[in-house]
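Listed here are the chains, written in short residue letters.
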Amino acid sequence: GFAPALIVAMIMQPRALIQTPFFRIFVRGHDEKIYSELRRPWPNPKPGLAQRWQKQYMDYVRTLDVDPSAEPASAQSKVKGKKGKRNRVAGKVN
């Protein structure tokens, strides 16, 4: 089940931390003047795995011509059904 994902996370997270400019300057003692990529302002980090998955999902949704922000039809009908029940309990007619 979860073992492969945990193993990957245990390897990738420390690796990502070690590669950050903050870690390289303050822990490893690299000098900003010598290493030009360590000069501030630091660039935004490269997209991680979650952002890549989000991009792939959005590309997939675009191929289906579906609005990803729209609620599924089943969720909309459940909301309407709850309002109707609530109104009947309160004695109101729909």
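We now turn to the structure provided with this report. (Residues numbered from 1 in each chain as written. Predicted model: local features only at pLDDT ≥ 70, side-chain atom pairs only at ≥ 80, totals over all residues. Heavy atoms only, no water.)

1. What about the pattern of salt bridges?
Tallied over the entire structure, the rule returns 3 salt bridges. Among the salt bridges present, the one from Arg24 reaches Glu37, with a minimum N-O distance of 3.1 Å. Of the two residues, Arg24 is situated in helix α2 (residues 21–26) and Glu37 in the loop between α2 and α3 (49–64); the sequence distance between them amounts to 13 residues. With relative accessibility at 43%, the residue Glu37 sits in the partly exposed group. (Salt bridge = Lys/Arg side-chain N within 4 Å of Asp/Glu carboxyl O. Helix = DSSP H or I, 4+ residues; strand = E, 2+ residues; numbered from the N terminus. Buried < 20%, exposed > 50% of the residue type's maximum accessible area, 1.4 Å probe, protein only.)

2. Points about the side chain of His30
Residue placement: His30 occurs in the loop between α2 and α3. Apart from the residues lying within four places of it in its own chain, the contact partners of His30 are Arg24, Ile25, Tyr35 and Leu38. (Contact = heavy atoms within 4.5 Å.)

3. Observations regarding the packing of aromatic side chains
Tallied over the full model, the rule gives 1 aromatic pair. Plain terms: the ring middles of Phe22 and Phe26 are 4.8 Å apart, the flat faces sit at 45 degrees to each other, and that makes the pair tilted. Of this pair, Phe22 and Phe26 are both found in helix α2, 4 residues apart, which corresponds to roughly one turn of the helix. The ring of Tyr35 has Arg24 lying over it, and the distance from NZ or CZ to the ring centre is 5.5 Å. (Phe/Tyr/Trp six-rings, centres within 6.5 Å; stacked < 30°, edge-to-face > 60°. Lys NZ or Arg CZ within 6 Å of the ring centre and 35° of its normal.)

4. Focus: α3
Here α3 contains 16 residues, and its C-alpha end-to-end distance of 23 Å stays within 8% of the 22 Å for a straight helix at 1.5 Å per residue. Just downstream of α3 lies Asp65, where phi reads positive at about 55 degrees. (Expected span 1.5 Å × (residues − 1).)

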